[in-house]
Amino acid sequence: MAVPPSIKKISDTVWEIPTSYKPGMRVPARLYATAKLLREMDDGVIDQVTNVAMLPGIVRYAFCMPDGHWGYGFPIGGVAPMDAEEGVISPGGIGFDINCGMRLVVTNLTYDDVKPHLKRLVDRLFERVPAGVGCTGFLNVPQREFRDVVEQGARWCVKKGLGWEEDLERTEERGCMAGADAGKISQKAVERGCDQIGTLGSGNHYLEIQVAKPEHVFDHEIAKVFGITIPHQVVVMFHCGSRGFGHQVATDYLQRFLRAMPTYHLSVPDRELACAPFRSPEGQDYFAAMQCAINMSFANRQVILHRIREVFSEVLGRTPEALGMRMVYDVTHNTAKLERYVVEGTARQLLIHRKGATRAFAPGADDLPEAYRQTGQPVIIGGSMETGSYVLVGVPSGEQTFFSTAHGSGRTMSRVKAKRIYNGRQLLQQMEAKGIYVRSASYAGLAEEAGGAYKDIDEVIETTELAGISKRVARFTPIGNVKG
Amino acid sequence: MPYEFLEEVAIADVAFRATGQSLEELLTSAADATMNAMVDDLGTIDRTTTKSIHVEDEAEDLLLVNFLQELIYYKDAERLLLRPDRLRVERHGRCLVLDAVVSGEPVNPKRHALKVDVKAVTFHRLRVEHTPRGWEAMVVLDV
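None of these values were measured; they are calculated from a predicted model.

Visitor: Tell me about the pattern of salt bridges, residues and numbers included.
Guide: Evaluated as defined, the whole model comprises 57 salt bridges over all chains. B:Glu7 is paired through a salt bridge with A:Arg420; the nearest N and O atoms lie 2.3 Å apart. Residue B:Glu7 is found in the loop between β1 (3-6) and β2 (14-20), and its partner A:Arg420 is found in helix α12 (residues 415-421); the two belong to separate chains. For B:Glu7, a relative accessible area of 21% gives the class partly exposed. Accessibility expressed as a relative area gives 55% for A:Arg420, which makes it exposed. One salt bridge in this structure joins B:Glu4 and B:Arg17, with 2.4 Å as the shortest N-O distance. Of the two residues, B:Glu4 sits in strand β1 while B:Arg17 sits in strand β2, which places them 13 residues apart along the sequence. Shared partners join several salt bridges into a network, and the residues in it are B:Glu4, B:Arg17, B:Arg127, B:Glu129, B:Arg133 and B:Glu136.

Visitor: Give a description of the side chain of A:Asn295 that names residues and reports values.
Guide: Relative to the assigned elements, A:Asn295 resides in helix α11 (residues 281-316). Beyond its immediate chain neighbours, meaning those up to four positions away, A:Asn295 contacts A:Val149, A:Val150, A:Glu151, A:Gln152, A:Gly153, A:Ala154, A:Gly175, A:Cys176, A:Met177 and A:Ala180.

Visitor: Explain the packing of aromatic side chains residue by residue, including any values.
Guide: This model, assessed by the stated rule, comprises 18 aromatic pairs over all chains. On the numbers, 5.7 Å between centres and 65° between planes, the contact of A:Tyr61 with A:Phe63 is edge-to-face. Look at A:Phe63 and A:Phe402: their rings are 6.1 Å apart centre to centre, the planes differ by 65°, and that puts the pair in the edge-to-face class. Within this pair, whereas A:Phe63 is found in strand β4 (residues 62-69), its partner A:Phe402 is found in the loop between β16 (389-393) and β17 (404-405), the two being separated by 339 residues in sequence. Clustering of aromatic rings is evident, with ring pairs tying together A:Tyr32, A:Tyr61, A:Phe63, A:Tyr341, A:Phe361, A:Phe402 and A:Phe403. Here the basic side chain of A:Lys188 rests over the ring of B:Tyr73, its NZ or CZ set 5.2 Å away from the ring centre.

Visitor: Any chance you could break down the sheet that holds strand β1 (residues 8-11) of chain A for me, citing the residues and the numbers?
Guide: Two pairing modes exist for strands in a sheet, parallel and antiparallel, and in both the strands are linked by backbone hydrogen bonds. Residue and element names in this part refer to chain A. The seven strands are arranged β1-β2-β3-β4-β5-β13-β12 in an open sheet whose pairing can be described as mixed. Two strands lie at the open edges of the sheet, namely β1 and β12 (334-343), each paired on one side alone. Averaged over neighbouring strand pairs, the angle between their axes works out to 25° when direction is ignored. With ten bridges joining them, β12 and strand β13 (residues 346-355) adopt antiparallel strand pairing. The residue bridging Lys337 from the neighbouring strand is Ile352, located in β13. Helix α15 (residues 457-467) rests against β3 (29-32) and β4 of the sheet, and its axis sits at about 145° to β4.

Visitor: Tell me about the sheet that holds strand β5 (residues 95-106) of chain B, and name the residues and values.
Guide: Residues and elements named next belong to chain B. An order of β3-β5-β4 is seen for the three strands of this open sheet, with the pairing classed as antiparallel. Both outer strands of the open sheet, β3 (49-57) and β4 (80-92), are each paired with one neighbouring strand and no more. The average angle at which neighbouring strand axes cross in this sheet is 20°, direction not considered. Examined bridge by bridge, β3 and β5 share nine bridges and lie antiparallel to one another. Each residue of the ladder has a partner; that of Asp57, found in β5, is Leu96.

Visitor: A description of the pairing of β16(A) should follow, citing residues and the corresponding values.
Guide: Residues and elements named next belong to chain A. Here β16 lies mainly inside the structure; five of its five residues are buried. Taken together, the four bridges between strand β15 (residues 378-381) and β16 define a ladder with antiparallel strand orientation. Considered in β16, the bridge of Ile380 is made with Val391. Judged from the five bridges that link them, β16 and strand β19 (residues 471-483) form a sheet pairing that is antiparallel. Across the sheet, residue Val391 finds its bridge partner in β19, namely Ala474.

Visitor: For α11(A), give the residues involved together with the corresponding values.
Guide: Along an α-helix, a turn takes 3.6 residues, which lines up residues three or four apart on a common side. Residue and element names in this part refer to chain A. With 36 residues, α11 should cover 52 Å at 1.5 Å per step; its first-to-last C-alpha distance of 53 Å lies within 8% of that length. Across the 36 residues that make up α11, a large majority, 32, are buried. Of the residues flanking the end of α11, it is Gly317, one or two places downstream, whose phi is positive at about 70°.

Visitor: Tell me what's going on with the pairing of strand β8 (residues 206-212) of chain A, and back it up with residues and numbers.
Guide: In regular strands, side chains alternate between the two faces of the sheet. Residues and elements named next belong to chain A. Most of β8 is tucked away, with seven of its seven residues classed as buried. Of the two faces of β8, the one carrying Tyr206, Glu208, Gln210 and Ala212 and the one carrying Leu207, Ile209 and Val211 are both buried. Here β8 pairs with strand β9 (residues 233-240) via seven bridges, running antiparallel. Paired with Leu207 across the bridge in β9 is Phe238. Strand direction decides the pairing type here: β8 and β19, joined by six bridges, are antiparallel.

Visitor: Summarise the packing of helix α4 (residues 118-128) of chain A against α11(A); cite the residues concerned and give the values.
Guide: For any two helices packed against each other, the geometry comes down to the angle between their axes and how far apart the axes lie. All names here are of chain A. Two elements in contact, α4 and α11, have axes whose closest approach is 10 Å; the angle formed by their N-to-C orientations is 140°. Once α4 is placed against α11, the crossing between them reads as right-handed. In this structure, α4 contributes Arg120, Leu121, Arg124, Leu125 and Arg128 to the contact, and α11 contributes Arg307, Ile308, Glu310, Val311, Phe312, Glu314 and Val315. Across the contact of α4 with α11, the residue classes break down as six nonpolar, no polar and six charged.

Visitor: Lay out the environment of A:Val141 with the relevant residues and their values.
Guide: Residue and element names in this part refer to chain A. Note on placement: Val141 falls in the loop between α4 and α5 (143-152). Assessed through its relative accessible area of 9%, Val141 is described here as buried. Expressed as a C-alpha distance, the spacing of Val141 and Cys194, which sit 53 residues apart in the sequence, is 6.4 Å. Contact partners of Val141, with chain neighbours within four places excluded, come to Phe146, Val149, Trp156, Cys194 and Ile197.

Visitor: Quick rundown of unusual backbone geometry? Include the residues and the values.
Guide: Residue and element names in this part refer to chain A. We note that Asn99 has phi near 55°; this positive angle belongs to a residue other than glycine. Topologically, Asn99 is positioned in the loop between β6 (88-89) and β7 (101-110). Of note, the phi angle at Arg174 is positive, near 55°, even though the residue is not glycine. With respect to the helices and strands, Arg174 occurs in the loop between α7 (165-169) and α8 (187-193). By relative accessible area, which is 32% here, Arg174 ends up partly exposed.

Calculation notes
Residues numbered from 1 in each chain as written. Chains lettered and ligands numbered in written order. Predicted model: local features only at pLDDT ≥ 70, side-chain atom pairs only at ≥ 80, totals over all residues. Heavy atoms only, no water. Salt bridge = Lys/Arg side-chain N within 4 Å of Asp/Glu carboxyl O. Helix = DSSP H or I, 4+ residues; strand = E, 2+ residues; numbered from the N terminus. Buried < 20%, exposed > 50% of the residue type's maximum accessible area, 1.4 Å probe, protein only. Contact = heavy atoms within 4.5 Å. Phe/Tyr/Trp six-rings, centres within 6.5 Å; stacked < 30°, edge-to-face > 60°. Lys NZ or Arg CZ within 6 Å of the ring centre and 35° of its normal. Pairing = 2+ DSSP bridges. Axes fitted to C-alpha atoms, helices over the stretch in contact; angles between N-to-C directions. Expected span 1.5 Å × (residues − 1). Left-handed = near helix turned anticlockwise from the far one by under 90°. Nonpolar A, V, L, I, M, F, W, Y, C, P; charged D, E, K, R; others polar.

Below, the structure written as structure tokens:
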């Protein structure tokens, strides 16, 4: 990327673009990156984060996290704090895949325990957690009941026996957003999503069996609280969202906002930044519909967790309880959430848009489950399928980004280019030679997700730590992967 | 091929440029590009199921978005991969009215070499233009 001359170095990992960079910017933009990561960011990032800085009601800064890259409307890795009274809500600041997020589960198994069963585990997971274009789940949920799912989220699943009560404790918002109103969603959204509960989807969505090597546990005390206690412990991490349901909710409201904007005298430099005042009828309707999509995604990941427990239990011949398959946390990285902050001495309610950025609450935050009140919030970061993933924790100095951090390693190469450079079948063999057994619904999709198409995950994570927006707890190495 | 996927326009998404001598041809090209983002060989889609699509809008680009969104809807709601058979656009006052007959079949991973799921048509850099050479569009799909 051509770094703009007006960019100001705040520290080794924080860079500021002043409001003079582009007419209409209401606040400066801040990018979190090392000099190397900054150079590697594409030009779209600067253009998009400075566009976000133009949105009415934005408070303090428009941010981009170290894994940031070109998206639509917002950059991926974009964070925008909006004043809840004066500001707007923008579906493009959340993404079409509302509540795309991560879930992490531990086991009491070691790599040696799992190795002889690895292929069988991955093969059965590939069968029981459908992935790829047009995949449908094994739950038959009538449309009327699907409306309950989107209002109740993961709670609906646990009521149906598809999870444990403690899973809810360890899900952001206890797996159910208050204010979800199925009266605000379209019939098309219901039809697109009702048979997709318990499915991964495709693109960068995956389910991975991973190992925590002893040399990759950075904070033993916090790791212990998260349940990572055994050398070479096996964990399961997965990444997916609200599937066709959420995509349709975002599509419906993006169009409604585009039509409504003239009424509110709003104009934006990119139609993907279409927005409405948060307190307007359109803004409130979208917020209620978005909560439904958040809940669908919590339900989706809850059912997938249930399938993972079933598969491990079936293959290893012990109950999920005996296998210690406890959830660490479930956290979203595509949302807008109401949070309270003190800004210039005044307590304000802000609508924090995070698109490809993870909430990272510090120790003591009221919204954290009791188990993590002392440690801070687990932050689950999915790397590329060839490299590795992390669990981080929120820190007090994270307030500088309104407690937001990275969400993944971040792409550096377009999907189209990656497909030209990499070959899915070869990649599969190379990964198997490295000890990673992969099942994929698509060889082309696999090529697009090659490790070389992504930034260096270790550098991204180190940047979040150096900048003081989150801290490393453990790194995980992949051994088995189900890819959409 | 009246469409091409673009390497340097979108990083995490899929961008394509489509062309056509008429608006109808352009819409047909864009529909095939959208389907080709999901299925490697469009020739493997058997035309066994037929659907009618009717969308309206005042602007060509919004008409295109609405049409492609219908195809994405059927991909999820009925698992159908669809391609245009007949497509007509008429102007009724300020409104453009598109009527299409599309056909295809449900996703079959055994026969269709699948690529990546299309979530939505974005408005990012969306462009539909009538040029001296014909019609041209640029679309970024969220995948």
